[in-house]
2 protein chains.
Amino acid sequence: MAQKPGIPKGTRDFSPEEVAKRQYIFRIIKTNFERFGYQPIETPSFENAETLMGKYGEEGDRLIFKILNSGDFLDKIPVETLSDKNSRQITPLISEKALRYDLTVPFARYVVQHQNDIEFPFKRYQIQPVWRADRPQKGRFREFYQCDADVVGSKSLWQEVELVQLYDSVFSTLGLEGVTIKINNRKVLSGIAAVIGAGDKLIDFTVALDKLDKIGEEGVKKEMTEKGISAEAIEKLQPLFGFSGTIEEKLDQLGLLLAGSAEGLKGVDELRFICEKIAALGLDKSVLDLDVTLARGLNYYTGAIFEVAPPNGVSMGSIGGGGRYDDLTGIFGLKDMSGVGISFGLDRIYLVVEALGLFPAAVTATSKALFVNYGETEALYAMKAIMNLRKSGVRTELYPDNVKVGKQFQHADKRQIPFVVIVGDQEIKEGKFTLKNLATGHQDSVDFSQLEMMLTDEQ
Amino acid sequence: MAQKPGIPKGTRDFSPEEVAKRQYIFRIIKTNFERFGYQPIETPSFENAETLMGKYGEEGDRLIFKILNSGDFLDKIPVETLSDKNSRQITPLISEKALRYDLTVPFARYVVQHQNDIEFPFKRYQIQPVWRADRPQKGRFREFYQCDADVVGSKSLWQEVELVQLYDSVFSTLGLEGVTIKINNRKVLSGIAAVIGAGDKLIDFTVALDKLDKIGEEGVKKEMTEKGISAEAIEKLQPLFGFSGTIEEKLDQLGLLLAGSAEGLKGVDELRFICEKIAALGLDKSVLDLDVTLARGLNYYTGAIFEVAPPNGVSMGSIGGGGRYDDLTGIFGLKDMSGVGISFGLDRIYLVVEALGLFPAAVTATSKALFVNYGETEALYAMKAIMNLRKSGVRTELYPDNVKVGKQFQHADKRQIPFVVIVGDQEIKEGKFTLKNLATGHQDSVDFSQLEMMLTDEQ
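Note that residues are indexed from 1 along each chain, following the sequence as it is written. Ligands are numbered from 1 and chains lettered from A, in the order in which they are written. Note on the predicted model: pLDDT of at least 70 is required for a residue's local features to be given, and 80 or more for side-chain atom pairs to be given and counted; whole-chain, interface and lining totals, by contrast, use all residues. Values reported for side chains reflect all heavy atoms of the structure, with hydrogen atoms and water molecules removed beforehand.

Participant: Looking at this model, I keep getting lost on the overall build of chain A. Mind explaining?
Facilitator: Helix and strand counts for chain A come out as 18 helices and 16 strands. Based on the C-alpha atoms only, the size of chain A along its principal axes is roughly 95 × 70 × 45 Å. Relative accessibility under 20% of the residue-type maximum defines a buried residue, over 50% an exposed one, and the middle range a partly exposed one, all with a 1.4 Å probe and only protein chains included. By the burial criterion, 57% of the 459 residues in chain A qualify as buried. Every residue pair with non-hydrogen atoms within 4.5 Å of one another is taken to be in contact. Taking contacts inside chain A between residues at least 6 apart in sequence as the whole, the part at least 24 apart equals 69%. To measure how exposed things are, a 1.4 Å probe is used in the Shrake-Rupley method; for residues, cover is taken only from the protein chains shown. As presented, chain A carries roughly 19,100 Å² of accessible surface, and 48% of it is formed by carbon and sulfur atoms. One way to put it: in chain A the 56 positive side-chain charges average out to a point 4 Å from where the 65 negative ones average out. Only runs of H or I of at least four residues qualify as helices and only runs of E of at least two qualify as strands under DSSP, and these elements are numbered from the N terminus. All tallies of charge rest on Lys and Arg as positive and Asp and Glu as negative; His and the ends of each chain are not included. A single reference atom marks each charge: NZ on Lys, CZ on Arg, CG on Asp, CD on Glu.

Put into structure tokens, the structure is as follows:
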């Protein structure tokens, strides 16, 4: 019996139009990555399970897709172990490989494994899918692309400057006006926690602070209280909620608040360096903003933290994020290798570009002309022209079957092919082609070189 | 303790140079697909297991990578079932999803699922990785890309003609001279089996014949004998081994041999149509050849069969293959949907292009110029120029740290960056840049517009 076709939840088929639009975004990201000196690498879709497990916290471990061993995978497992039915315990016994969960851990693994072949500082980009066994919901998928640019092997803050420019360059090329690139620094967060006397609760503190957008000032204070941060400490936070003014003014206020924390002041200095340079160099269509509540979940950030908000008026979460991590490759045995990087969220960027109507029409253009098929002789004559047009870069095709002309025109119309070329007895006798513009209905009798020119001009 | 990093056997990391070369081949394939009117689709990396299982034979089922269900996957399985330790029986109970094994079955599933949104005939291409739990060996991987172009919804032989042209166009663009596009027809094979009286042993017959290249005439005859094909039948095959001459001559000989088989003669007619049209239209750098021993393993071919051999002198298996299958979507409930398609074998094509030294140097070019970093003021001056160069499309970068100049030059050298731009006090004072060509040692003092021109010209 025939199966009713479907795909696993959280995954997607992409139609020609969707692929073309996605490719358009990928192309702009890639071109910018390369102009900024980043080089591409690719890593396998699945890694040894031990490479990934334990790198993303307990929640992450659960969300990693594991691949079942091949062959008789139960053979060597004692019956007693199986009888326990402890899935978590049995997983590593029957699954040695797991699907990539992000691009950062595989990148760290790559750097350590190939360290002798890499010239540092190493600027790499990577555009590949990742998989997460998350509960699917609107805008959250089990297979999605990440587009990452990272540099390892230098602590220079010029790299943070450049990453802000890179965000600006990509989003400006896409035509987005008023994207906000938010920046913060982990050292500032640590400093604040220290000066308010909550240094031992840094994680709880940052997790709560990170929710300011969602739950508001009172919500943040409530959560901090629940996590055991004292009322006195929370009181000292008050200036944070009232931060306003230019980036420079905010940095001055931060400097005062953090006067007692060497680490916090170092964070302020780093932020000042980056923001000053961006002010001097200017951005195209984006805006840089200092957001001292920005924490992002990831514990491995040690310096700059980035997050990108779409233009005002588009209701959507962040479309990019990143930061500096001072010791990512340490987990694989290579110490003191500082890295900094950013990621572009393809799916959300797609939705933003779509919502703002910014996909150029040419992106989804298909064939320029369909040659009508009137039979074997006519089709052969057409194919000679088609062959030469393709050599000149024109996308074109022959309707494969000699069916009613109306049906062939309808095909061109449904496919949004703008021109139809008619080749019958008369055209062959005269060595001509009848070119019909489907939008205007206008038609011309032309020779090959005119045909080529008209179809190329319009591209 | 730090883990020693590695990747699963049969998988690969790709370095920047390798990614660039692979992208070059992908780009040429994609551009040609689009000129020929094919449109891209993408399908999920994993499908529901039932979509894939049973579609590739027993061997195929074994080689499909299965994904372990998430959560407490053993929960609902009776202890008795587990105690049997029958891996094959338990697999479907703990694994609902499986990694894509090829692009053809997912394409068939896509066509059936989206049939109401598709305008037929549908010309689609798909360039995505597939996974097979095959024993890894030289040139055979567990993760590799397939690049497929197929048309569904028409039986027109013009499509076969066009697919031959498509092969020629891609390989000619890559610079390959003398690629052989071999063609045969399943109906001819059936006809031969019928006229020699081995019609009931068609599979054994074609499997043996397919090995002619590897085991020679005697080997083929021996295998056929072992499979129970009579000596008399094998005797009648003799003309096949002596086929020679032009395609036209071969077709005439085939016509005589198959005079008693209507199906066989239909196959000859189809081949004649395709070969005549290609003769009339001409190929660029490839050669079309009729190979009546070409069978390819796949049972679903019903008409044309294609296989592509690399140029003489390159020792390598086929670099492409394909054919017509009259009822692929039937397995998913959509009948009478004829399809024909070809596939490009990226990994082997890569090795051929590499062996023949045909990758253009520009493919692996990275940044055009590295700006030396002499400190904060100089770096800011440099970054202004870098920003504007990038806007003009020049790939360029700043060395991130103010370290010894020798080390910075060495970095440019190791990265094969051809130019270094020096910016010191003097240059800033004069509003100039010192551009040094690392290959010649020549250096110039230039203003920004000259710098831009020189770095753009050379691209």
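What follows picks up the thread again.
Participant: I'm lost on the confidence of the model for chain A in this one. Help?
Facilitator: In regions of low pLDDT, the predicted coordinates are not meant to be interpreted in detail. Mean pLDDT for chain A: 94, with 98% of residues reaching 70 or above. The ipTM assigned to the predicted complex is 0.95, against a pTM of 0.95. What pLDDT reports is the predictor's confidence in each residue, on a scale of 0 through 100.

Participant: Looking at this structure, how should I read the interface of chain A and chain B?
Facilitator: The parts lose accessible area when they come together, and the size of an interface is often stated as this lost area. Each partner contributes residues to the interface: chain A has 108 residues there, and chain B has 108 residues. Two parts lose some accessible area (1.4 Å probe) when they are put together, and adding that loss for both gives the buried area. Of the roughly 9,400 Å² buried between chain A and chain B on both sides combined, carbon and sulfur atoms contribute 59%. For this analysis, a salt bridge means a side-chain nitrogen from Lys or Arg found within 4 Å of a carboxyl oxygen belonging to Asp or Glu. Between chain A and chain B we count 12 salt bridges in total. Residue Glu397 of chain B is joined to Lys123 of chain A by a salt bridge in which the shortest nitrogen-to-oxygen separation is 3.8 Å. Here a polar contact is taken to be a pair of N or O atoms separated by no more than 3.5 Å, where protein atoms must pair a possible hydrogen donor with a possible acceptor and residues adjacent in sequence count only if both atoms sit in side chains. Counting across the chain A and chain B interface gives 40 residue pairs in polar contact (both at pLDDT 80 or more). Per-element accounting of the side of chain A that touches chain B gives the leading share, eight residues, to helix 15 (residues 376-391) of chain A. Gly counts as polar in this scheme, as do all residues outside two lists: the nonpolar Ala, Val, Leu, Ile, Met, Phe, Trp, Tyr, Cys and Pro, and the charged Asp, Glu, Lys and Arg. Considering only residue class, the side of chain A that touches chain B consists of 45 nonpolar, 33 polar and 30 charged.

Participant: Help me understand the side chain of Glu378 of chain A, please; the structure alone is not making it clear to me.
Facilitator: Residue placement: Glu378 of chain A occurs in helix 15. The buried charged residue Glu378 of chain A lacks any salt bridge partner; its closest oppositely charged side chain belongs to Lys277 of chain B, at an N-O distance of 11 Å. Residue contacts for Glu378 of chain A: discarding those within four places in its chain leaves Val423, Gly424, Asp425 and Ile428 of chain A.

Participant: Explain the relation of the copies chain A and chain B here, please?
Facilitator: Relating the two copies of this chain is a rotation about some axis coupled with a shift parallel to it. For this overlay, a least-squares fit was computed on C-alpha atoms, restricted to residues scoring pLDDT of at least 70 in both copies. When chain A is fitted onto chain B, the two copies agree to an RMSD of 0.1 Å after a turn of 180° and an axial shift of 0.0 Å. As the rotation angle and translation indicate, the two copies are arranged about a two-fold axis. Considering only C-alpha atoms, the residue of chain A closest to the rotation axis is Ile67 of chain A, which sits at 2.2 Å. When the interface residues of chain A are mapped onto chain B, 100% of them again fall at the interface, so both copies present the same face.

Participant: Help me understand the pairing of strand 15 (residues 433-437) of chain B, please; the structure alone is not making it clear to me.
Facilitator: For a regular strand, the rule is simple: side chains alternate between the two faces of the sheet. Residues and elements named next belong to chain B. Among the five residues that make up strand 15, four are buried, leaving the element largely enclosed by the rest of the structure. Pairing of strand 14 (residues 419-422) with strand 15 involves four bridges; the strand directions are antiparallel. Each bridged residue has a counterpart across the sheet, and for Val421 the counterpart in strand 15 is Leu435. Pairing between strands requires that DSSP locate at least two bridges from one strand to the other. If you look at the hairpin formed by strand 15 and strand 16 (residues 443-446), you'll find five residues sitting between the two strands, and Gly441 has a positive phi there, around 80°.

Participant: Please clarify how the sheet that holds strand 8 (residues 287-290) of chain B should be interpreted in this entry.
Facilitator: Pairing is mixed in the open sheet, where eight strands are placed in the order 1-5-6-11-10-9-7-8 (chain B). Every other strand in the sheet has two partners, leaving strand 1 (39-40) and strand 8 of chain B as the edge strands with one partner each.

Participant: Explanation requested: the sheet that holds strand 7 (residues 180-185) of chain A in the structure shown.
Facilitator: All names here are of chain A. The mixed open sheet is built from eight strands, whose spatial order is 1-5-6-11-10-9-7-8. Bordering the open sheet on either side are strand 1 (39-40) and strand 8 (287-290), each of which pairs with just one other strand. As judged from the four bridges shared by strand 9 (residues 304-309) and strand 10 (residues 320-325), these two strands associate in the antiparallel manner. The partner of Ile305 across the bridge, within strand 10, is Gly323. Against the sheet, helix 14 (residues 346-355) makes contact with strand 6 (143-152) and strand 11 (339-345), and its axis sits at roughly 45° relative to strand 11, the strand it touches most. Axis definition: a line fitted to C-alpha atoms, limited for helices to the stretch in contact. Angles are taken between N-to-C directions and run from 0 to 180 degrees.

Participant: Can you help me understand the domain arrangement of chain A in this one?
Facilitator: Throughout, the edges of the domains are those of an automatic or database domain assignment. When cut into domains, chain A gives domain 1 (16-64 + 101-355) and domain 2 (366-457). Here the C-alpha centroids of domain 1 of chain A and domain 2 of chain A sit 52 Å apart.

Participant: What is the right way to read the packing of aromatic side chains from this model?
Facilitator: A pair of Phe, Tyr and Trp rings is counted when the ring centres sit within 6.5 Å of each other, with Trp represented by its six-membered ring. The angle between the planes then sorts it: under 30 degrees is stacked, over 60 is edge-to-face, the rest tilted. Applying the stated criterion across every chain yields a total of 32 aromatic pairs over all chains. Consider the rings of Tyr24 of chain B and Phe359 of chain B, whose centres lie 5.8 Å apart with planes at 65°: the pair is edge-to-face. With Tyr24 of chain B in helix 1 (residues 16-35) and Phe359 of chain B in the loop between helix 14 (346-355) and strand 12 (369-371), the pair connects residues that are 335 residues apart, well separated along the chain. Comparing Tyr24 of chain B with Phe359 of chain B shows no difference in burial state: the two are buried. For the ring pair Phe171 of chain B and Phe344 of chain B, a centre distance of 5.6 Å and an interplane angle of 45° mean the geometry is tilted. In this pair, Phe171 of chain B is assigned in helix 7 (residues 158-173) and Phe344 of chain B in strand 11 (residues 339-345), connecting sequence segments 173 residues apart. Residue classification places Phe344 of chain B among the buried residues on the basis of a relative accessible area of 1%. By way of ring pairs, the aromatic residues Phe33, Tyr38, Tyr125, Tyr167, Phe171 and Phe344 of chain A are connected into one cluster.

Participant: What is the right way to read the environment of Ile41 of chain B from this model?
Facilitator: Within the secondary structure, Ile41 of chain B is located in the loop between strand 1 and strand 2 (46-48). Note on Ile41 of chain B: relative accessible area 1%, which makes it buried. Distance from Ile41 of chain B to Gln126 of chain B, taken between C-alpha atoms, is 5.6 Å for residues 85 residues apart in sequence. In this structure, Ile41 of chain B is in contact with Phe14, Pro16 and Val19 of chain A together with Phe107, Tyr110, Phe122, Arg124, Tyr125 and Gln126 of chain B, ignoring residues within four places of it in sequence.

Participant: Whenever I open this one, helix 15 of chain A confuses me. Can you help?
Facilitator: Helix span is expected to be 1.5 Å times the residue number reduced by one. With 16 residues, helix 15 of chain A ought to run about 22 Å at 1.5 Å a step, and its terminal C-alpha atoms sit 22 Å apart, in line with that. Those residues of helix 15 of chain A lying buried are Glu378, Ala379, Leu380, Tyr381, Ala382, Met383, Ala385, Ile386, Met387, Leu389 and Arg390 of chain A.

Participant: Explanation requested: the pairing of strand 7 (residues 180-185) of chain B in the structure shown.
Facilitator: Residue and element names in this part refer to chain B. Burial of strand 7 is extensive: five of the six residues sit out of reach of the surface. Sheet topology places strand 7 next to strand 8; four bridges connect them, and they run parallel. The residue of strand 8 that forms the bridge with Thr180 is Val287. Pairing of strand 7 with strand 9 (residues 304-309) involves six bridges; the strand directions are antiparallel. Each residue of the ladder has a partner; that of Thr180, found in strand 9, is Ala309.

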